Amino acid sequence: MNEVKIFTADVEAKRRSANVCAYGIDLGTTNSCVARASWQPGGKPICDVVNINQSLWPEGAVESPLVPSVIALAGVEDKLVGAGAKKLRARPQDANLMPERDLFYETKNDIGLRKTYHRADEAYGNAAKIAGHLLRYLKESAINGQGKNASINVTVPASFQLNQRRDTLFACKFAGLKLQDDDLLDEPTAALIDYIMSGKAPHSFEPGKTTQCVVFDFGGGTCDVAVMEITVDKRTKQVLMSQVAVSRYHRLGGGDLDTAIVHEVLIPRLLRENSLGPLDLTWAEKKRGLEPQLLGTAEKLKESLCRGINHLRKLHKYDKADKEKVKARCSSVDIYLGKRSFYLSEPTLSAAEWEKILEPFLDRDLLFARQTDYRLTQSVFAPLQDALDRAGRKPEDIDFCLMVGGSSLIPQVRDAVEEYFQKSAVGYFDDPMDIQLSVARGAAWNALYKKLTNRNLIRAVVQEDLALMTRGQALYPLIPARTVLPFPAENEWARVELEIHPQTSIFTDKLLFKIVGATARQTILHEIWDIPEYLEAGREIIMEYNMTAGKQFHCRAFLKDDPEVAFEHHVENPLVNVVNPGSTRLFIEEKEEELRKKGGGTADDVDDFVQLATSYAELNQKERAINWLRSAMNKLGHADATILNLQGNYYGELGDHEREEKLYREADRATTSWGGPLFNLALSFYNRGKYKEATEAIEQAMKKDHRQGPYLTLKAMCLDKSEPQITHKLIYQQAIKAFGAVSTLSEWELGWYLTAVRAVGDAKAIKEAEEERKKRNKKGIPEVYEDAVLPVVKGGLVKRKKAMFDF
Ligand SMILES: Nc1ncnc2c1ncn2[C@@H]1O[C@H](COP(=O)(O)OP(=O)(O)OP(=O)(O)O)[C@@H](O)[C@H]1O
Ligand SMILES: [Mg+2]
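Let me sum up the structure you'll find in this document. Here the structure is a predicted model, which is why all the values come from computation and not from measurement. (Residues numbered from 1 in each chain as written. Chains lettered and ligands numbered in written order. Predicted model: local features only at pLDDT ≥ 70, side-chain atom pairs only at ≥ 80, totals over all residues. Heavy atoms only, no water.)

As enumerated under the stated definition, the model contains 2 cavities of 30 Å³ or more in all. Reported here for the largest cavity is a volume of approximately 100 Å³. Lining the largest cavity are 17 residues, and of these Leu27, Gly28, Lys108, Ile111 and Ala131 lie nearest its centre. Among the secondary structure elements, those contributing two or more residues to the lining of the largest cavity are α3 (127–143) and β10 (151–156). Looking at which element gives the most residues to the lining of the largest cavity, the answer is α3, with 3 residues. (1 Å grid on protein atoms, 1.4 Å probe; cavity = no way out; pocket = protein on both sides within 12 Å on 5 of 7 lines; lining within 4 Å. Points joined across faces, edges and corners; volume = space filled by probe spheres on them. Helix = DSSP H or I, 4+ residues; strand = E, 2+ residues; numbered from the N terminus.)

This paragraph deals with the environment of Ile357. With respect to the secondary-structure elements, Ile357 resides in helix α8 (residues 351–358). Residue class for Ile357 comes out buried when judged on its relative accessible area of 9%. For the pair Ile357 and Ala260, spaced 97 residues apart in sequence, the C-alpha separation works out to 6.9 Å. Residues within four places of Ile357 in sequence aside, it is in contact with Ala260, Ile261, Glu264 and Val265. (Buried < 20%, exposed > 50% of the residue type's maximum accessible area, 1.4 Å probe, protein only. Contact = heavy atoms within 4.5 Å.)

Attention shifts here to the sheet that holds strand β22 (residues 425–427). Taken in spatial order, the 6 strands of this open sheet run β22-β21-β12-β13-β14-β23, and their pairing is mixed. Of all strands in the sheet, those with a lone pairing partner are β22 and β23 (458–460), marking the two edges. Across the sheet, the axes of successive neighbouring strands diverge by a mean angle of 30°, strand direction being ignored. With 9 bridges connecting them, strand β12 (residues 210–218) and strand β13 (residues 223–232) associate as antiparallel partners. Its bridge partner lying in β13, Thr210 is registered against Thr231. The strands touched by helix α5 (residues 187–198) are β12, β13, β14 (239–246), β21 (400–404), β22 and β23; relative to β13, the strand with the most contacts, the crossing angle is about 45°. Against the sheet, helix α10 (residues 411–420) contacts β12, β21 and β22, and its axis sits at roughly 165° relative to β21. (Pairing = 2+ DSSP bridges. Axes fitted to C-alpha atoms, helices over the stretch in contact; angles between N-to-C directions.)

The environment of ligand 1 is formed by 22 residues, the closest being Thr29, Thr30, Asn31, Thr222 and Glu303. In the environment of ligand 1, an oxygen atom lies 2.8 Å from a nitrogen or oxygen atom belonging to the backbone of Gly221. Interatomic distance of 3.1 Å between a side-chain N/O atom of Gln436 and an oxygen atom of ligand 1. Within the complex, the protein chains bury 95% of what would otherwise be the 650 Å² of accessible surface of ligand 1. Of all the elements in the fold, those that place two or more residues in the shell around ligand 1 are α6 (254–273) and α7 (283–314). Ranked by residues supplied to the shell around ligand 1, first place goes to α7 with 4 residues. (Near = heavy atom within 4 Å. Polar contact = N/O pair within 3.5 Å; in protein donor to acceptor, adjacent residues only side chain to side chain. Areas by Shrake-Rupley, 256 points an atom, 1.4 Å probe, with all protein chains shown as cover.)

Attention now goes to the nonpolar core. By size, the foremost hydrophobic cluster in this structure holds 71 residues, and its most contacted members are Val214, Phe216, Leu266, Leu294, Trp354, Leu384 and Phe421. For this core, the domains that each give at least three residues are domain 1 (9–201 + 431–456) and domain 2 (254–379). Those residues in contact with Leu294 that lie beyond four places of it in its chain are Val262, Leu266, Ile267, Val333, Ile335 and Leu344. Formed by 47 residues, the second largest nonpolar core is a distinct cluster that contains Val20, Ala22, Tyr195 and Met241. (Core = buried A, V, L, I, M, F, W, Y, C linked by side-chain atoms within 4.5 Å. Domains from an automatic or database assignment.)

Our next topic: unusual backbone geometry. The step from Trp57 to Pro58 runs through a cis peptide bond, and the omega angle for that step is 0°. As for its placement among the helices and strands, Pro58 is situated in the loop between β4 (52–55) and β5 (61–64). Residues Phe487 and Pro488 are joined by a peptide bond in cis, for which omega reads -5°. Looking at the secondary structure, you find Pro488 in the loop between β25 (474–479) and β26 (494–499). The backbone of Glu100 shows a phi angle near 65°, a positive value even though the residue is not glycine. For Glu100, the location among the structural elements is in the loop between α2 (83–90) and β9 (103–105). The phi dihedral of Glu106 falls on the positive side, at around 50°, and the residue is not glycine. Note that Glu106 resides in the loop between β9 and α3.

Encoded structure:
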């Protein structure tokens, strides 16, 4: 490791002024931090974090390099950032604070989203502005006065997309920091730089050889994985690093573990201690009222338990210990919900409870995100696997893995990652504090290097061949893998001449631009250019493209003889980030924002409320769904059978059958012609083995509703159970008759029809119904829209002399 040099003699020669200094800012989800790197003539370059004095409320102060990324507006003049604000988060009632109004935390998760904090003052209206306030605070307390001409790097998760990077740059500007695109440094890269500079890496980087590295950064709000290659130049011993792949953006961090502790351990205990049932408090009361007050306690319990477990492990006592008895304990807390107050006496977290919470987070098989009403669960192996897949590497190909981020201090996380990289050297910082400070220090080192050399320490490279798909699916190379970015050069465009296939009689006004990653033909861009005129065969088109150091791919095209007719498109980080937040999530986000802008909505928006409820239910967030339905009824001001019935459904699914029945009956009272609520009640009784009650309910329902098919079927099912000695085939037959032709049945009716024909064993009818169902399912698959024409490369693919690479 001693042979590796970042600040070589070449770099030193570039140092002109007497004292060069640079800053790195780690703008974290949970904690932020500032480091300063400097180089005095005659000395060695040094780097250290800056201690920041943070005010408490109403008075006092603490000093620490870690600044919690929390803002509390305790009064007109009392803007608290850091430790003071974090303390107030646990006692928001002291200063009458409310999340997203005058109390902000974990807002980094909202960066890049359209979400606004509608209850907040304009100046705090979204995540970018909050980041701006944090940065301004850091600048004023750690940089001002000394760093006038200093260069500054701010770090972002490697997986941040263009809009998230843009928001971060906006925040810098808001804070009065002048940063360029490439002054944003990826967090894992920064951590690795710091680790290499510390000279402690267990792996030796041999000159002339390439080391495959993984940086696993598991922080408070993100889990970022970067796969990098490190080469040490044989002659100069200089380190050359390039990023091969990074994981997709995963919103997963220690904060999710805290939330899990709050909802799985602390809230259930609080409800029990205060004689409340699991659903006696609403979603909003639990999520917005209890959660913020309990997060700090959860985090304390987690950290203290992890330290305890680590200690026991060092003594080789943990494995044999009774996990129920290994416990962390905190002092009692008072919790407030409006005027009500609750007491949670000496909350604890046992190792058994903790291991259960961790299980899904460390699962190697279930690599998809699961969202419940209150929280998100995702395995840390999702980003790990994702980054390795993108890099085309297996765990055994990796020489060295560096674990950083505060959540890497969790012993079980360390074990899991070490086991995954069995054959690699796994490195940590020895001092737990260093783990949380390394990103800021790495950023400061990079800023210093850049100040001297005008370039980043890490060269961004294209991870995979980028190619344009031309007619006949032939690929034309655009940028070869491992090209150092920017390509072709800063602010320049590469160009390719295209045409409409000259030997055919194609006329078209739609040209398909399809750009793929060449290895797996993964689509990067699939855009149709709607040209305002018809193009005949042989018409020439110029396509220009480039890729910035920030990995943004731009392309534009125009008609050679009419450059005014143009097409333009760009893709952010094309080979890294293909995030589709899911149409349901997106719908929710947009609808909620729309309603917020309207001031919450009125009775006219009730349909939107119901749509939001069903969307949440689709995501399995039933309590939130109920919350929206409750608001809908409130706005409406009178009973509505559909809404009450839905509420009944969701309570049923949550297992609160008392409320379920109450709501179905209420819904039934609100309608004179619809048997739905009672039908659902009957079904609920049936599913719980209460066949007598079920029969009664279905008979009542049938008095109201004329759609007898499903009703008769359910009635026959109930009777089959309550009077098993008698056959009820006749009722099934009656039901089948009542259904009518299968093609006219709704999806719901078709399901019940199948139940009925199966019950009587009518093979022909079963087959017919199953085929109808198959037919409908097929129709649901959207057709691929491909009537646009792929271009050809002028002169053909093979004839080009300067082909950059072969496929
Ligand atoms: N000893 C510990 N054991 C377990 N977890 C810890 C320990 N120390 C810190 N953490 C957790 O680490 C997280 C903070 O880590 P870090 O400071 O790296 O995050 P961040 O940089 O703010 O977030 P991000 O990088 O995701 O934006 C918190 O969730 C904290 O509870
Ligand atoms: Mg971090």
